[in-house]
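# Architecture and fold: a report
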Amino acid sequence: MSILVTGGAGYIGSHTALELIKAGHDVVIVDSLVTGYRKAIPEKARFYEGDIRDFAFLDELFKKEKIDAIVHFAAFSLVGESVVNPLKYYENNIYGTKILLDAMVANDVKKIVFSSTAATYGEPENIPILESDRTCPTNPYGETKLAMEKMFKWTSEAHGMNFVSLRYFNACGADECGNIGEAHNPESHLIPLILQVPNGKREAISIYGTDYDTPDGTCIRDYIHVTDLAQAHILAVEYLLNGGASDIFNLGNGVGYSVREVIETARKVTGHPIPAVETPRRAGDPARLVASSEKAKRVLGWKPVHDSLEEIISSAWNWHKNHPNGYNY
């Protein structure tokens, strides 16, 4: 079974490619290496360097490789950057997906699993968040991901293609092998930013807002281990290949941890004091974002395994302490 992973040199894409290989699948990776890393690509995957906005490149690949299903990660994903440079996100995320769909239609590829995001919901109306809740993104990144979901929906209806969209929350942690992990430039995710302190990369971690309506006044988020995310993508691929209908699923642990709780757990894991500096709120940060993943558990048979915060941060620390400069070693 040949699975194409677009964006397979990125953080979640590389972990999913590795888990697909472990599950016995034949893996083909496409990545432009604009934000991905060649060193993150599993040895047993066949790698094609190229841009999904290039129809001729994709068309040639589909004619060379017999692709049974696609897992689509290729997108820009920095919320702050999307606000400053929205057209970059529309060009890459939406136009790139449009060209990928063109190539799929032209080559009769009918199954795709899409890496979506909780950012499609915007400010939540309910906690935990359900797939049926209102989608009203508050930034261009979330807006492009929602538009991509709608492209899959209408293309599916027009061309008999089936898709699964996985809306996930805060991806974190690293594979137990310690050879791949999270490496963004610039880094914007809480756990790797916290771990830069014991790694000597920053003096303290900032806490943005301490007056939220939460038990300790700081924002609460749902953190999910990247390997658990990868397993969900594999289950979604198998669900489609077994005749499953197009659908959307949330992925999260269903448990929220506050910023203070994450920092305190990182102190315990690393043995470092990790000084924290309290600063004013950032615009647009909801107080709580926690997922309901009951639908994914019920339909896909998915269950998070690495769901303790201590295990998540331990795996991340194992990667970051041995790769303080990410893949630039």
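Refer to the structure printed above.
Owing to the predicted nature of the structure, the values given are computational and were not obtained by experimental measurement.

### Description of the side chain of S116
Relative to the helices and strands, S116 resides in strand 5 (residues 111–117). Only 2.7 Å separates the side chain of S116 from the side chain of E149, close enough to count as a polar contact. Excluding anything up to four places from it in sequence, S116 contacts K145, E149, S165, L166, R167 and Y168.

### Describing the sheet that holds strand 6 (residues 162–168)
Judged by pairing direction, the sheet is parallel, and its seven strands sit side by side in the order 3-2-1-4-5-6-10 without closing on themselves. Looking at strand neighbours, the two that pair on one side only are strand 3 (46–49) and strand 10 (247–251), the edges of this open sheet. Put simply, the sheet's adjacent strands are angled 20 degrees from each other on average, direction ignored. As defined by bridge partners, strand 5 adjoins strand 6 across seven bridges and the pair is classed as parallel. Looking at the pairing, K111 lines up with N162 of strand 6. This element, helix 4 (residues 86–106), spans strand 1 (2–6), strand 4 (69–72) and strand 5 of the sheet and lies at about 175 degrees to strand 4.

### Some words on the nonpolar core
Counting residues in each nonpolar core, the largest one holds 34 residues, and the members touching the most others are I12, V27, V113, V164, L166, L251 and L300. At the level of secondary structure, the elements contributing two or more residues to this core comprise strand 1, helix 1 (11–22), strand 2 (26–31), strand 4, strand 6, helix 7 (226–241) and strand 10. Among the elements that make up this core, the one with the highest residue count is helix 7 (eight residues). Setting aside chain neighbours within four positions, we find I12 in contact with F73, Y168, A171, V226 and L229. One finds I52, M104, I112 and M148 within the second-largest nonpolar core, a separate group that totals 27 residues.

### What to know about the packing of helix 2 (residues 55–64) against helix 4
Two numbers describe a pair of packed helices, the interaxial angle and the distance between the axes. Contact geometry of helix 2 with helix 4 gives a least axis separation of 9 Å together with a crossing angle of 35 degrees. Our pair here, helix 2 against helix 4, has a crossing hand that is right-handed. Within the contact between the two elements, helix 2 uses F55, L58 and F62 and helix 4 uses I99, L100, D102, A103, M104 and A106. Across the contact of helix 2 with helix 4, the residue classes tally to eight nonpolar, no polar and one charged.

### Focus on the pattern of salt bridges
Applying the stated criterion across every chain yields a total of 22 salt bridges. Of the charged contacts in the structure, one is a salt bridge between E294 and K297, with a shortest N-O distance of 3.7 Å. Taken together, the residues span about one helical turn, with E294 and K297 both in helix 9 (residues 294–299) at a distance of three residues. One salt-bridge network, in which partners are shared between bridges, spans E19, K22 and D175.

Here is what the cut-offs are and how they apply
- Residues numbered from 1 in each chain as written.
- Predicted model: local features only at pLDDT ≥ 70, side-chain atom pairs only at ≥ 80, totals over all residues.
- Heavy atoms only, no water.
- Helix = DSSP H or I, 4+ residues; strand = E, 2+ residues; numbered from the N terminus.
- Polar contact = N/O pair within 3.5 Å; in protein donor to acceptor, adjacent residues only side chain to side chain.
- Contact = heavy atoms within 4.5 Å.
- Pairing = 2+ DSSP bridges.
- Axes fitted to C-alpha atoms, helices over the stretch in contact; angles between N-to-C directions.
- Core = buried A, V, L, I, M, F, W, Y, C linked by side-chain atoms within 4.5 Å.
- Buried < 20%, exposed > 50% of the residue type's maximum accessible area, 1.4 Å probe, protein only.
- Left-handed = near helix turned anticlockwise from the far one by under 90°.
- Nonpolar A, V, L, I, M, F, W, Y, C, P; charged D, E, K, R; others polar.
- Salt bridge = Lys/Arg side-chain N within 4 Å of Asp/Glu carboxyl O.

Geometry only, nothing functional implied.
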